[in-house]
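# Report on the structure
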Amino acid sequence: MGDTLLTLSIPALLLASGLYTAVSTWWRRGHPAPPSPYTQQAARLAEEQERP
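A brief report on the enclosed structure follows. Being a predicted model, the structure only gives us computed values, none of them experimental. (Residues numbered from 1 in each chain as written. Predicted model: local features only at pLDDT ≥ 70, side-chain atom pairs only at ≥ 80, totals over all residues. Heavy atoms only, no water.)

## Side note on the overall build of the protein
Quick note on the threshold: Strands are runs of DSSP state E lasting at least 2 residues, helices are runs of H or I lasting at least 4, and numbering of each runs from the N terminus. Computation of the radius of gyration draws on C-alpha atoms alone. For the globule rule, the value is 2.2 Å times the number of residues to the power 0.38. Buried residues are those whose accessible area, probed at 1.4 Å on protein chains only, stays under 20% of the maximum for their type, while exposed residues exceed 50% and partly exposed ones sit between those limits. Only the protein chains shown count as cover for residues, and all accessible areas are computed by the Shrake-Rupley method using a 1.4 Å probe. Charge assignment in this entry is limited to Lys and Arg as positive and Asp and Glu as negative, and neither His nor the chain termini are counted. The atoms used to mark charge sites are NZ of Lys, CZ of Arg, CG of Asp and CD of Glu.
Of regular secondary structure, the protein possesses two helices and zero strands. Rg of the C-alpha trace for the protein: 22 Å, well past the compact-globule value of 10 Å for 52 residues, more than 25% over. By its C-alpha atoms, the protein is 75 × 25 × 10 Å across when sized along the principal axes. Put simply, the protein has 52 residues, and 0% of those count as buried. Carbon and sulfur atoms form 66% of the exposed surface of the protein, whose accessible area is close to 5200 Å². Charge separation in the protein, taken as the distance between the mean sites of 4 positive and 4 negative side-chain charges, equals 9 Å.

## Brief notes about the packing of aromatic side chains
Using the following cut-off: Centre distance within 6.5 Å is the pairing criterion for rings of Phe, Tyr and Trp, where only the six-membered ring of Trp is used; planes under 30 degrees apart are then read as stacked, over 60 as edge-to-face, and the remainder as tilted.
Enumeration according to the criterion identifies one aromatic pair in this entry. With 6.5 Å between their ring centres and 55 degrees between their planes, Trp 26 and Trp 27 make a pair best called tilted. Overall, Trp 27 belongs to the partly exposed group, its relative accessible area being 45%.

Listed below in structure tokens is the structure:
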């Protein structure tokens, strides 16, 4: 019985992982993350350094 459960747990884990990835991707499309303030600050600093 233990071998059967181990054998069935691998496909179940793969299915759950794929389902989680699909739902996560779908959720992120509808709810994108806000832009990072650190990225904006880095862009400003880079602009300032390029100016003579």
